[in-house]
Structures are given as structure tokens and as C-alpha cells.
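# Examination of the molecular architecture
So you can see what is in the structure, the chains are spelled out below.
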Amino acid sequence: MSLLAVEALSKSFGGVHAVQDLSFEIEQGKIHSIIGPNGAGKTTVFNLLTGLYKPSTGRVVFDGEEVTGRDAHELARRGMSRTFQNLQICFNMSAVENVMVGAHLRLDQRLLGCMLRLPAVKRGDTRCRDEAVELMHFAGVGKYAGAEAHAMPYGALKRLEIARALAARPRLLLLDEPAAGLNPTETHEIDELIQKVAASGTTVVLVEHDMRLVMGISDHILVLDYGRKLAEGSAREVRANPEVIAAYLGTLSESQER
Amino acid sequence: MLITAAVIALLPLALPNNYYYDVAIRIGMNAAMVVGLNLLIGYAGQISLGHAGFVGLGGYASAILTSRYGWPPVAAMLLAMACVGAIAFLVARPILRLRGHYLAMATLGLGIIIYMVLVNESSLTGGNDGMQVPPFTLFGATLANERAWYWATGAVLLVAIWVANNIVDSPLGRALRALHGSEVAAQVAGVDTTRYKVRVFVVSAVFASVVGSMMAHYVGFITPQVSGFFHSIELVTMVVVGGMASTYGAVVGAAILTMLPQVLSRFEGYEMIAFGAILMLTMIFLPRGLLPTIAARWRRS
Ligand SMILES: Nc1ncnc2c1ncn2[C@@H]1O[C@H](COP(=O)(O)OP(=O)(O)O)[C@@H](O)[C@H]1O
Ligand SMILES: [Mg+2]
């Protein structure tokens with residue numbers, strides 16, 4: 001059974017049909033990619049799946065249960081986690097605290113315990129901090145474990161977001177352009193990181209413009225154009241699809257420059 | 001924390017007479033309240049322009065329960081905390097869905113409503129004339145003079161700082177700081193942001209209520225002015241001047257702005273102008289507040 005099923009999903013902003021009548025499935029344990037030119041609706045799909053936007057029409061089924069229109073925090077509770085194309089780092093916190101926020105749902109957040117710093121809260125926090133540092137090492141930003149978030153360079157912040165998303169121990173991880181703005185070495189490291197995450201059993205959905213990265217690691221690729229599904233299938237199938245070549249690959253070099 | 005405790009313990013050596021004790025007590029009470037308000041404004045990034053309303057509610061609840069119904073002050077104070085917490089909880093949900101200017105206006109309105117209720121329910125509150133409040137007694141002992149009040153206020157301030165620091169460095173506090181830093185990031189991490197805003201609003205209202213009760217007993221008299229708009233602005237100014245998202249900054253802000261009217265007493269009537277000017281100058285030159293700015297300079301050098 002698929003982990004996530006999207007049925008006839010649409011979202012419009014005023015007159016703009018950002019996503020139109022889109023259906024697809026995400027299989028457990030695989031790496032899925034969503035590609036398409038800028039403005040194709042990829043980020044909007046992520047926002048719909050994670051509850052930041054409410055769909056105009058259509059259904060989202062996660063783990064066998066309909067979750068259409070649920071709030072983001074509730075979907076997080078069910079095992080969804082994500083990163084953002086435009087960084088969403090809390091610059092008022094330290095790097096490791098950013099990662100600890102990702103583990104929020106696993107911690108004791110009761111008011112009285114937090115106010116009085118009860119031993120259970122303290123122990124949970126200590127363990128959480130250790131795990132967060134470990135995750136930062138896993139994500140390749142271990143050397144910033146003692147840093148403030150605002151003191152970190154862009155490439156490291158991208159990975160800090162991945163560490164924060166992983167801290168939730170998600171079942172479904174959505175990565176929105178994790179390699180955007182990174183140099184080839186850094187991109188290669190992200191590639192390895194994603195494979196490590198997938199190997200640990202987390203289902204990954206990747207939005208990315210770097211075609212080498214996408215073609216190399218994806219089990220399944222969904223191609224969007226103007227909010228609609230243009231094609232889907234394995235890397236080889238998608239690459240051979242004439243419509244994809246016409247609509248997307250023509251603009252590839254342009255979108256890679258961004 | 002230790003430094004604050006040491007300052008509170010040693011300060012009496014430098015306080016020559018009751019007048020100075022009085023100033024120190026007022027600083028301590030304001031500081032305890034502002035430490036709570038700073039959780040809402042500085043850490044969670046929300047605004048309340050009606051917070052003095054909760055001070056008034058706490059103060060009047062204590063005043064009415066002790067003077068009209070003969071309750072022991074401690075019990076009255078606890079019931080006041082519970083009532084103010086409940087009221088804050090009920091109004092918080094609709095209010096804290098708002099952002100920016102809308103939230104500011106809504107909290108402003110809340111403060112005005114509380115003020116009007118305190119003025120108009122004169123059979124209970126004495127209306128604009130205010131009402132007498134009996135002294136504070138605890139286990140048969142009365143807080144009779146400035147010295148006793150000084151130690152009581154010091155203890156309350158330390159507890160306030162301790163609780164605030166605990167909250168800041170807990171899953172709750174991180175959730176609050178996260179929703180300030182990036183609301184969507186907090187949401188996708190599982191933080192029910194509305195619920196957390198409500199929680200911190202209630203906590204800061206209860207801080208205000210406690211201090212409202214204490215002030216009523218200390219002064220021995222209460223008028224609706226304590227819940228007035230100017231008092232709310234004063235509290236926000238203390239947070240902003242001392243330092244947003246800095247508990248000790250809040251204490252410093254409370255100290256500066258409590259002492260200011262004493263210093264400016266010769267220019268009576270111009271205090272409000274001075275407050276306004278200080279608020280403006282802080283926003284322009286020290287947007288992060290006094291203590292965080294100094295701390296950052298110091299770390300850099
Ligand atoms: N919040 C929004 N309000 C209005 N229009 C939006 C909003 N979010 C996305 N859009 C529009 O939806 C379309 C798809 O955008 P997006 O999902 O960001 O594309 P992609 O991530 O594929 O580049 C664009 O035309 C964009 O302008
Ligand atoms: Mg996008």
C-alpha cells in the first residue's frame with residue numbers, strides 16, 4: 001500500500017491555477033522526485049501535503065487515512081516533515097536548538113513541568129540535545145553544534161534544516177530544493193545524505209532542479225508543468241518521454257542557473 | 001540568577017531610608033511582571049497593549065476578596081491568579097489568531113474593556129475613587145513595613161526569574177521562540193502555534209495578576225488607573241528598553257523606567273513625554289534593547 005495518495009488535488013490563488021487535478025502516489029521506503037520548471041507548482045504541492053495550504057479541491061490520504069485540510073502540526077504528528085526552498089531557520093535560536101525544535105512532539109511539553117524544570121523535562125532535554133548534535137554530525141554540520149544559527153553560512157543552513165526535519169523521526173520527508181545554491185561538492189554531499197536517510201527507511205520526496213542528482217537517486221519521478229502532471233515513471237522513462245523533453249528539458253539550463 | 005540573588009541580598013546595605021526601599025520594591029514588582037511579559041513579547045514575538053488590564057484584575061480581585069469578603073490575602077491572591085488565568089485563556093484564542101497591528105489593536109481593546117469595567121462596577125470596585133486594601137498577612141504575620149515588603153518582593157522576583165528561565169530553556173520555550181523565528185517552521189515541526197501563543201499569554205497574564213495583587217496590598221489602595229492604557233505602555237516600554245528576549249534585560253528595563261519618574265519628578269506632567277521619547281529612541285538606536293546590545297558588543301570585543 002502506498003504511504004501517501006493524492007487524488008485530483010487542485011489549488012488556485014485568485015485566477016492562478018497553481019496545482020490542477022493532480023493525482024499521484026508515494027510508495028513507502030522509496031525516493032520520489034517532483035520536477036518541473038519554476039512556477040510549475042512543486043512548492044505548492046508540498047504546502048498542500050504538509051497542511052500549510054488548504055486544497056481548493058481533491059483529497060490527500062496519508063497512511064490509509066484521509067488528512068485533507070488538516071493543520072500542519074497535526075500532519076507532523078502523523079509523521080510528515082519537510083524543509084523549505086526559502087530557508088525557514090529560526091535565527092533567534094542556536095543551531096542545535098533549531099534541531100531540537102524538530103523533536104518537539106517527542107518531548108514533554110506540559111506547562112508545569114517546563115515551568116518548574118522537573119527532572120523528567122530536564123532529562124528529556126539533555127537527551128534531545130545529544131541527539132540533535134548527533135543529527136547535526138549526520139547531516140554534515142556537526143562543527144556548528146556550538147554556533148548560533150545566524151552565524152552559519154547558507155549551505156550549512158540548508159543541512160541544518162534537514163537535521164531539524166530528521167529530528168522529528170518522520171515517516172515521510174519532503175525536501176524542497178535541498179541543493180539549490182550549493183556548489184557541486186556540497187550537492188554531492190546532499191546526494192549522499194539523502195541516500196543515507198532513505199536507506200534508514202524514511203520515505204523521501206524530493207523537489208530539485210539539479211538533474212544529475214534527481215536522475216541518480218530517484219526511484220520514481222513526477223513531472224509537473226503549469227500545475228498539471230506531465231509524466232511520471234522511472235528516471236529512464238521520464239528522460240525518454242518526448243513531452244518532458246519538449247516542455248521541461250528545454251528550460252533546464254535556464255532553471256539551473258537560478 | 002545568582003547575581004540577581006546577590007544584588008537583592010546586598011542592596012539593603014546601600015538603601016539609606018524608606019524612600020529608597022520603596023523605589024526598590026516598586027522596581028522588584030515591575031521587574032517580576034515584565035519578566036513575564038517578556039516571555040510573550042520578547043520570546044514569542046507577540047504583543048499585548050492591554051497587559052495592565054490583568055494587573056488591575058489581579059489587584060482588584062485581591063482587594064475585593066480581602067476587604068469585602070474577609071478572605072486571607074494569600075487565598076485571594078491564588079484565586080485572583082486562577083481567575084485571571086481563566087479570563088486570559090478565554091480571550092486569548094480569538095485574539096492570538098491575529099497578527100501585527102490587529103493583535104495590537106485587539107489587546108489594546110481588551111485593556112480598555114477591563115479598565116471600563118473596573119470604573120463602572122463601582123458597587124464592587126469603588127469606581128474612579130478606588131478602594132482601600134487591607135495589609136498582606138501570611139501565617140498570622142503582617143508585611144508591615146518597607147523592609148518586610150522588600151524581602152517578599154525580592155523572593156517573588158527570584159521565583160519569577162527562575163520560572164521564566166525554566167520556560168525559556170524547555171520544550172515549551174523553544175516552541176515559543178521557534179514560532180517567533182519562523183511560524184511555518186514551528187508548525188511543520190508539530191507546534192500547535194495558536195495553542196502555544198495562548199499558553200504564554202496566560203502565563204504572562206498570571207505573572208501580572210500576582211504583581212497586581214502584591215501592589216494593591218503594598219500600597220494599601222487601588223484605583224482603576226493601574227489597568228489604564230498608560231500603565232500598559234509603561235510595561236511594554238520596560239520590555240523593549242531592557243531587551244527583548246532577555247530575562248535580565250527585562251529586569252534592567254523595569255529598573256530604569258521605574259526610577260525614571262523619580263528622577264524626573266521635578267518635571268511633573270512630562271513623564272509621559274519622556275516615556276514616549278525613550279521608547280522611540282530605543283526602537284531607533286537599540287532595537288534589540290539595552291542588555292542584548294551590550295552583551296553582543298562585549299562578546300565581539
Ligand atoms: N501563496 C501564494 N499566493 C499566490 N500565488 C502563489 C502562492 N504560492 C504559489 N503561487 C503561485 O503558484 C504557482 C506555482 O508556484 P510554486 O508552487 O512556488 O512553483 P515551483 O515551486 O514549482 O517553482 C506560481 O505561479 C506562483 O506564483
Ligand atoms: Mg518552489
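Computed from a predicted structure; not experimentally measured.

## Points about the interface of chain B and chain A
- Across the boundary between the two partners, chain B contributes 26 residues, which contact 31 residues of chain A.
- Taken together, the two surfaces of chain B and chain A that pack against each other cover about 2500 Å², and 62% of this comes from carbon and sulfur.
- Summed over the three residues of chain B that lose the most area to chain A, namely B:Pro171, B:Arg174 and B:Val188, the buried surface amounts to 25% of that side.
- The tally of links from chain B across to chain A stands at 3 salt bridges.
- Across the pair A:Glu97 and B:Arg177 runs a salt bridge, and its minimum N-O distance is 3.1 Å.
- Between the two partners, chain B and chain A, sit 10 residue pairs in polar contact (both at pLDDT 80 or more).
- When contributions to the side of chain B that touches chain A are tallied by element, the ones reaching two or more residues are α7 (146-168), α8 (171-181), α9 (183-188) and α10 (193-219) of chain B.
- Top contributing element to the side of chain B that touches chain A by residue count: α8(B), with 8 residues.
- Across the side of chain B that touches chain A, the residue classes tally to 14 nonpolar, 7 polar and 5 charged.

## What to know about a nonpolar patch on the surface
- Judged by side-chain polarity, A:Leu112, A:Leu116, A:Leu118, B:Met1 and B:Trp162 come together as a nonpolar surface patch covering roughly 440 Å² of accessible area.
- In this fold, B:Trp162 is placed in helix α7.

## Concerning the coordination of the magnesium ion (ligand 2)
- Here the magnesium ion (ligand 2) is held by the protein donor atoms A:Thr43 (OG1) and A:Gln85 (OE1), which lie 2.0 to 2.1 Å from it. Of this pair, A:Thr43 sits in helix α1 (residues 42-49) while A:Gln85 sits in the loop between β6 (80-82) and α3 (95-102), and the two are 42 residues apart along the sequence.

## Remarks on the site of ligand 1
Residues and elements named next belong to chain A.
- Every residue lining ligand 1 is accounted for by Phe 13, Val 16, Ala 18, Pro 37, Asn 38, Gly 39, Ala 40, Gly 41, Lys 42, Thr 43, Thr 44 and Tyr 53.
- Taking Gly 41, its main chain carries an N or O atom lying 2.9 Å from an oxygen atom of ligand 1.
- Protein coverage of the free-state accessible area of ligand 1, which is 560 Å², stands at 63%.
- Elements that contribute at least two residues to the shell around ligand 1 include exactly β2 (16-27) and α1.
- Residue contributions to the shell around ligand 1 peak at 3 residues, all from α1.

## Some details on the pairing of strand β9 (residues 220-225) of chain A
All names here are of chain A.
- Burial analysis of β9 places 5 of its 6 residues in the buried class, which makes it a mostly covered element.
- The pairing of strand β3 (residues 31-35) with β9 spans 4 bridges and is classified as parallel. Residue pairing for β9: Ile 34 is matched across the bridge by Leu 222.
- As judged from the 5 bridges shared by β9 and strand β10 (residues 228-233), these two strands associate in the antiparallel manner. Of the residues in β10, the one forming a bridge with Leu 224 is Lys 229.
- Between β9 and β10, which pair antiparallel and follow one another directly, the connecting turn spans 2 residues, one of which, Tyr 226, has a positive phi of 50 degrees.

## Observations concerning the packing of helix α2 (residues 18-43) of chain B against helix α12 (residues 247-263) of chain B
All names here are of chain B.
- Relative to each other, α2 and α12 sit at 135 degrees, their axes nearing to 7 Å. Put simply, α2 runs oblique to α12. For the pair α2 and α12, the sense of crossing is right-handed. Taking contact as the criterion, the partners of Tyr 19, Val 23, Arg 26, Ile 27, Asn 30, Ala 31, Val 34, Val 35, Asn 38 and Tyr 43 in α2 are, on α12, Thr 247, Ala 250, Val 251, Ala 254, Ala 255, Thr 258, Met 259 and Gln 262.
- Its residues placed into classes, the contact of α2 with α12 shows 12 nonpolar, 5 polar and 1 charged.

## Observations concerning helix α11 (residues 229-242) of chain B
Residue and element names in this part refer to chain B.
- Look at α11: 20 Å from first C-alpha to last across 14 residues, which is about the 20 Å you get at 1.5 Å a residue.
- Judged by how many residues are buried, α11 sits mostly within the fold: 12 of 14 residues are covered.
- His 231, Ser 232, Ile 233, Glu 234, Leu 235, Val 236, Thr 237, Met 238, Val 239, Val 240, Val 241 and Gly 242 are the residues of α11 that are buried.
- Backbone geometry just after α11 places Gly 243 at a positive phi near 145 degrees.

## Here we look at the pairing of β3(A)
Residues and elements named next belong to chain A.
- A large share of β3 lies buried, amounting to 5 of its 5 residues.
- Both faces of β3 are covered, namely the face carrying Ile 31, Ser 33 and Ile 35 and the face carrying His 32 and Ile 34.
- In the sheet, β3 pairs with strand β8 (residues 203-207) via 4 bridges, with the strands oriented parallel. Note on β8: the bridge partner recorded for Ile 31 is Val 204.

## Quick look at the domain arrangement of chain A
All names here are of chain A.
- We note that the domain assignment places domain 1 (1-79 + 170-258) and domain 2 (90-168) within chain A.
- The straight-line distance from the C-alpha centre of domain 1 to that of domain 2 is 26 Å.
- At the junction of the two partners, domain 1 supplies 17 residues and domain 2 supplies 11 residues.
- For the pair domain 1 and domain 2, the summed buried area comes to about 1200 Å², and 71% of that belongs to carbon and sulfur atoms.
- Seen at the junction of domain 1 and domain 2, the total is 1 salt bridge.
- A salt bridge links Arg 159 to Glu 189, with the nearest nitrogen and oxygen atoms 2.8 Å apart.
- Counting across the domain 1 and domain 2 interface gives 3 residue pairs in polar contact (both at pLDDT 80 or more).
- Listed by contribution, the elements that provide at least two residues to the side of domain 1 that touches domain 2 are α2 (72-77), β7 (172-176) and α7 (184-199).

Criteria and thresholds
Residues numbered from 1 in each chain as written. Chains lettered and ligands numbered in written order. Predicted model: local features only at pLDDT ≥ 70, side-chain atom pairs only at ≥ 80, totals over all residues. Heavy atoms only, no water. Contact = heavy atoms within 4.5 Å. Buried area = accessible area lost by both parts, 1.4 Å probe. Salt bridge = Lys/Arg side-chain N within 4 Å of Asp/Glu carboxyl O. Polar contact = N/O pair within 3.5 Å; in protein donor to acceptor, adjacent residues only side chain to side chain. Helix = DSSP H or I, 4+ residues; strand = E, 2+ residues; numbered from the N terminus. Nonpolar A, V, L, I, M, F, W, Y, C, P; charged D, E, K, R; others polar. Patch = residues over 30% accessible without salt bridge, like charges linked within 9 Å, V, L, I, M, F, W, Y side chains within 5 Å. Areas by Shrake-Rupley, 256 points an atom, 1.4 Å probe, with all protein chains shown as cover. Donors = N, O, S within 2.8 Å, 3.2 Å for Na, K, Ca; no water. Near = heavy atom within 4 Å. Buried < 20%, exposed > 50% of the residue type's maximum accessible area, 1.4 Å probe, protein only. Pairing = 2+ DSSP bridges. Axes fitted to C-alpha atoms, helices over the stretch in contact; angles between N-to-C directions. Parallel < 35°, antiparallel > 145°, perpendicular 65-115°, else oblique. Left-handed = near helix turned anticlockwise from the far one by under 90°. Expected span 1.5 Å × (residues − 1). Domains from an automatic or database assignment.

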